[in-house]
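Breakdown of the fold
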Amino acid sequence: MDEKLTLSACNFLIPEIAQVIKNGNYPEVQLISYPANCASNSLNLAVVNEISSKSVSGSDIIVFGSFCHVPQKSEIAGLKNVQVVQLEQCFELIINPETIYHFVKQGYYIVTNGWLKTCERNIRAWGFDKTSGRLFFQESMKSILLLDTKIPGDYMPNLLALSDYMGLPYEIFPTGLSHCKKYIDSVVLNWRNDNEQKKLSAKLSAISKQSADYQLIFNQLETLVSLTSEKEITKIGVELIHVLFAPSEIVYKPINNDRLELFEFKGFFNSVGINSENSFKIEIKYAGELLGTVEVIGIHFPQFRKKYEEMGIVISQIFGMAIANARKYSELEDANKALKESKAMLTALNATKDRFFSIIAHDLKSPLSSIVGFSEILVEQIEKNDIASIEKYAGIILQSSQRAVNLLMNLMQWSQSQTGRMEYTPREFDLTKLAYDIIPMFDDIAGQKRITIKRLLPPKALVFADMAMISTVLRNLLSNAVKFTKPDGEVTISLKVERNECIVTVKDNGLGIPKDRIDKLFRIDSNYTTPGTANEAGTGLGLLLCEEFIRKHDKKIWVESEPGKGSAFYFTLPNHIAKA
């Protein structure tokens, strides 16, 4: 692209715009800053002239400024290729104006990462000592709000310094650069489109000076039948109609196609007056079915209207065939897509069915068989009055019963979650207390293997979640941790409370999980299970429940593990602040 574009903004906004330009596809864009001065008119004619002098020769210039910084239009009227974009508020480049005004009304003093880069200079420019500054800002502001754009750099020291200077607390609102990127994309795209229109206008001007045979152009319409996109057909066809008839406007209205919107094309030829004599309509038909209409508005040579209407009959036939083919192709694509989705769904359902049958046929049968078999042996030992054997086999029966109960509970909850019968009812509760209530459930089985369960829990951790679901998650993760930890090992449950969420960790120093098996832990179709260190059986259904329940909270669960060194399962929950 030969044309160049210069974008300019005050140095408060340049770091964010520079990051967008760096990460985007803007080979033709140059970025120039001008010094910000919020207390005066920092963007005047002299500054605009200086920006122009630093720009690539012949490039277009777009300068961003707010109401208090934009020079009078009369001042820049004589400057070639200069456009000033007048923003309602400087940070409109970072986030939408409605959100900005919402925060301003709430008493926030808004800054960005780019603003913080020059924090010390900005404080000096205010001219207050620390005491006066605090009095001034505390009168009208309640807090500092950092629109965190996530650009590289450590901005916390400057934010802390600003908070100390103003005597105000601070909050961080993660915005990223998506809004800024969309804004810059829009500006650059509009500029590119304007250039393309200028090029096309120049080409059309050259074409109009030639006495080319229009019939040759009509022959090109035959290529439309090979296209499969109605949108592309419309675009090419409308451009050809524009060349042929030189109208002020062309409107294509599709019929019986909800996917394609009304397509309007503004011509480069301004019409003195638009009326029925210099406008006409072409009906696009195929096999007697009306597929759409093309309105040709404001033709510049109405004396040729009759000839144009005759051409319209040919256009209708060729357009009709091309659009009918494109719609048929689209229908086939939709059918193939639906078929693939149905196949994927059927595969998942079959995997779920097979998994359930496997659990019921094998994993549920195993503990029940143990209960029956060892009960018979227990009767014999009671008759012999063999106390040691009675205790041994009673313990085995108890473990088998617990396994069966746990499996049935998981099966019931999984079935309820899959059929929509389990309601998600979040509320605020103390996660630390819930953990202390659940841990004793595993004292007996942990004691049999001499496993220590460590608690690294804060005195209180308020979360906003479904208590029943989180109880199931903790129970399954602790059960797995004890199961896969060797005798004399250690299991640790810990909580870390952050501003918007709470991170829960259940860690063991047991068998660990091979890297190629980790991705299969949370999949119903993987059928991946491993016996525990005491040959405890499992189904893998517990982890599926954990993933399902955490996903209902719009949070995540993951695992870090190394064979022979143990595993650490993590999951996050919204805390009591995040619920608002």
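Below is a summary of the structure that appears in this document. No experiment lies behind these values; they were computed from the predicted model shown. (Residues numbered from 1 in each chain as written. Predicted model: local features only at pLDDT ≥ 70, side-chain atom pairs only at ≥ 80, totals over all residues. Heavy atoms only, no water.)

**Some thoughts on the sheet that holds strand β10 (residues 280-286)**
- In space, the four strands of this open sheet follow the order β9-β8-β11-β10, with antiparallel pairing throughout. With one partner strand each, in any of the chains shown, β9 (263-266) and β10 form the two edges of the open sheet. Strand-to-strand twist in this sheet, taken as the mean axis angle between neighbours without regard to direction, amounts to 15 degrees. (Pairing = 2+ DSSP bridges. Helix = DSSP H or I, 4+ residues; strand = E, 2+ residues; numbered from the N terminus. Axes fitted to C-alpha atoms, helices over the stretch in contact; angles between N-to-C directions.)

**A few points about the environment of K449**
- Tracing the backbone through its elements, the reader meets K449 in the loop between α16 (443-448) and β13 (452-456).
- In sequence terms K449 and P487 are 38 residues apart; their C-alpha atoms lie 4.5 Å from each other.
- A polar atom in the side chain of K449 sits 3.1 Å from the backbone oxygen of K483. (Polar contact = N/O pair within 3.5 Å; in protein donor to acceptor, adjacent residues only side chain to side chain.)

**Considerations on the packing of aromatic side chains**
- Considering all chains together, one arrives at 18 aromatic pairs under this definition.
- For the ring pair F64 and Y183, a centre distance of 6.1 Å and an interplane angle of 70 degrees mean the geometry is edge-to-face. With F64 in strand β3 (residues 60-66) and Y183 in helix α9 (residues 178-208), this pair connects stretches of sequence that are 119 residues apart.
- Owing to a relative accessible area of 2%, F64 belongs among the buried residues under this scheme.
- Among the aromatic residues, ring-to-ring pairing joins F12, Y109, W115, W126, F128, F136, F137 and Y165 into one connected group.
- Stacked on the ring of W558, the Lys or Arg K556 has its end atom at 4.9 Å from the ring centre. (Phe/Tyr/Trp six-rings, centres within 6.5 Å; stacked < 30°, edge-to-face > 60°. Buried < 20%, exposed > 50% of the residue type's maximum accessible area, 1.4 Å probe, protein only. Lys NZ or Arg CZ within 6 Å of the ring centre and 35° of its normal.)

**As for helix α17 (residues 467-483)**
- The terminal C-alpha atoms of α17, which comprises 17 residues, lie 24 Å apart, in line with the 24 Å expected from a rise of 1.5 Å per residue.
- Across the 17 residues of α17, 13 count as buried, placing the element largely inside the fold. (Expected span 1.5 Å × (residues − 1).)

**Let's talk about the nonpolar core**
- By size, the foremost hydrophobic cluster in this structure holds 61 residues, and its most contacted members are L7, L13, F64, W115, L116, L162 and I184.
- Per element, the largest residue contribution to this core is six residues, and it comes from α9.
- If near-sequence neighbours (up to four positions away) are discounted, I184 is found in contact with L7, I17, V20, I21, Y26, F64 and L93.
- If you look at the next biggest cluster of nonpolar residues, it comprises 42 residues, including A446, L474, C546 and I557. (Core = buried A, V, L, I, M, F, W, Y, C linked by side-chain atoms within 4.5 Å. Contact = heavy atoms within 4.5 Å.)

**Side note on a nonpolar patch on the surface**
- A cluster of nonpolar side chains, namely M156, L160, Y170 and I172, defines an oily patch on the protein surface of about 310 Å² accessible area.
- Among the elements of the structure, α8 (156-166) and β7 (170-174) are those that each provide at least two residues to the nonpolar patch.
- One can find I172 in strand β7.
- On the accessibility criterion, I172 (36% relative accessible area) is partly exposed. (Patch = residues over 30% accessible without salt bridge, like charges linked within 9 Å, V, L, I, M, F, W, Y side chains within 5 Å. Areas by Shrake-Rupley, 256 points an atom, 1.4 Å probe, with all protein chains shown as cover. Salt bridge = Lys/Arg side-chain N within 4 Å of Asp/Glu carboxyl O.)

**Remarks on the packing of helix α7 (residues 130-140) against α8**
- The contact between α7 and α8 brings their axes to 7 Å, and the two run at 85 degrees. Considering their axes alone, α7 and α8 lie roughly perpendicular with respect to each other. On α8, the residues touching K130, G133, R134, F137 and Q138 of α7 are D164, Y165 and M166.
- Here the residues of the contact of α7 with α8 sort into three nonpolar, two polar and three charged. (Parallel < 35°, antiparallel > 145°, perpendicular 65-115°, else oblique. Nonpolar A, V, L, I, M, F, W, Y, C, P; charged D, E, K, R; others polar.)

**Comments concerning the side chain of S55**
- Position of S55 relative to the elements: it lies in the loop between α2 (45-54) and β3.
- If we ignore the near neighbours within four places in the chain, the residues touching S55 are T6, Q30, I32 and I61.

**A few points about helix α15 (residues 431-438)**
- If you check which residues of α15 are buried, you get L431, T432, L434, A435 and I438. All buried residues of α15 project into a common sector of 160 degrees when viewed along the axis, lining one side.
- Residues of α15 that are buried sit in contact with β12 (427-430), β14 (462-465), α17, β15 (490-497), β16 (501-508) and β18 (566-574).
- N-cap assignment for α15: the residue whose side-chain oxygen lies 3.0 Å from the backbone N of T432 is D430. (Arc of directions from axis to C-beta.)

**Overview of the sheet that holds β13**
- The mixed open sheet is built from five strands, whose spatial order is β13-β15-β16-β18-β17. The outermost strands of the open sheet, each flanked by one partner alone, are β13 and β17 (557-562). On average, adjacent strands in this sheet sit at an angle of 15 degrees to one another, irrespective of strand direction.
- Where β13 and β15 come together, five bridges link them in parallel fashion. Bridge pairing links L456 to S494 in β15.

**Considerations on the pattern of salt bridges**
- Counted according to the given criterion, the structure contains 17 salt bridges.
- Between R134 and D164 there is a salt bridge whose closest N-O contact spans 3.2 Å. Here the residue R134 occupies a position in helix α7, and D164 occupies one in helix α8, the gap between them amounting to 30 residues.
- Taking relative accessible area as the criterion, R134 reaches 31% and is therefore assigned partly exposed.
- Residue classification places D164 among the partly exposed residues on the basis of a relative accessible area of 38%.
- Residue K565 pairs with E562 through a salt bridge whose shortest N-O separation is 3.5 Å.
- The class for E562 is partly exposed, based on a relative accessible area of 41%.
- Because the salt bridges share partners, they merge into one network encompassing K130, R134 and D164.

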